Amino acid sequence: KGEGTALPYPALHVLRVISTRISTSLDVKLTRMVYEAKGLRLIGITDTFNTVDNMKKSLEQAPEILFVTISSANMNPKDNKIRFELKLDLGESEL
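Described below are features of the structure shown in this document.

So, how was this worked out
Residues numbered from 1 in each chain as written. Predicted model: local features only at pLDDT ≥ 70, side-chain atom pairs only at ≥ 80, totals over all residues. Heavy atoms only, no water. Helix = DSSP H or I, 4+ residues; strand = E, 2+ residues; numbered from the N terminus. Buried < 20%, exposed > 50% of the residue type's maximum accessible area, 1.4 Å probe, protein only. Core = buried A, V, L, I, M, F, W, Y, C linked by side-chain atoms within 4.5 Å. Contact = heavy atoms within 4.5 Å. Patch = residues over 30% accessible without salt bridge, like charges linked within 9 Å, V, L, I, M, F, W, Y side chains within 5 Å. Areas by Shrake-Rupley, 256 points an atom, 1.4 Å probe, with all protein chains shown as cover. Salt bridge = Lys/Arg side-chain N within 4 Å of Asp/Glu carboxyl O. Polar contact = N/O pair within 3.5 Å; in protein donor to acceptor, adjacent residues only side chain to side chain. Expected span 1.5 Å × (residues − 1). Arc of directions from axis to C-beta.

**A word on the environment of K78**
Structurally, K78 can be placed in the loop between β3 (65-75) and β4 (82-90). Its relative accessible area of 81% is what places K78 among the exposed residues. Placed 57 residues apart in sequence, K78 and R21 show a C-alpha to C-alpha distance of 29 Å.

**Observations concerning the nonpolar core**
Core analysis: the biggest nonpolar cluster contains 19 residues, and V14, L40, L42, L59, I65, L86 and L88 have the highest contact counts within it. For this core, the secondary-structure elements that each account for two or more residues are α1 (11-21), β2 (39-46), α2 (49-60), β3 and β4. In this structure, L42 is in contact with I18, L30, R32, M33, L59, F84, E85, L86 and L88, ignoring residues within four places of it in sequence.

**Concerning a nonpolar patch on the surface**
On the surface, L12, L15 and M33 cluster together into a nonpolar patch covering about 280 Å² of accessible area. According to the relative accessible area criterion, M33 is partly exposed, its value standing at 32%.

**With respect to the environment of S25**
For S25, the location among the structural elements is in the loop between α1 and β1 (28-36). Sequence-wise, S25 and K38 are 13 residues apart; in three dimensions their C-alpha atoms are separated by 30 Å. Only 2.8 Å separates the side chain of S25 from the side chain of S23, close enough to count as a polar contact.

**Observations regarding the side chain of T46**
Relative to the elements of secondary structure, T46 occurs in strand β2. Side-chain polar atoms of T46 contact the side chain of D47, separated by 3.2 Å. Residues within four places of T46 in sequence aside, it is in contact with D27, V28, T51, V52, K81, I82 and F84.

**Thoughts on α2**
Along its twelve residues, α2 runs 17 Å from first to last C-alpha, staying within 8% of the 16 Å computed at 1.5 Å per residue. Among all positions of α2, only T51, V52, M55 and L59 are buried. Seen along its axis, α2 keeps its buried residues to an arc of 105°; they face one direction. With respect to the buried face of α2, the exposed residues turned more than 90 degrees away are N50 and K57. Where the residues of α2 are buried, they touch α1, β1, β2, β3 and β4. Structurally, the start of α2 carries an N-cap: the backbone nitrogen of N50 is 3.4 Å from a side-chain oxygen of T48.

Structure follows, in structure tokens:
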């Protein structure tokens, strides 16, 4: 049979959800996105810990996302930017 496990949503749909939920007014740079059957990881850089919390709250409002966990959020002392990783657990697709 086929290899791997089916993803709950098409990748472009997930990108649309993320891009519409993270406000353009937030200073956020996503450096990595890993999408697999067990969920989605977003890794990036932002300006404050509050921005990480705001992203988490906003993403949790999407019906496709069951919950968001802040896996890490640490300040880089060289540039005072916050390196973060969010783990998103996705529900079943109704598409």
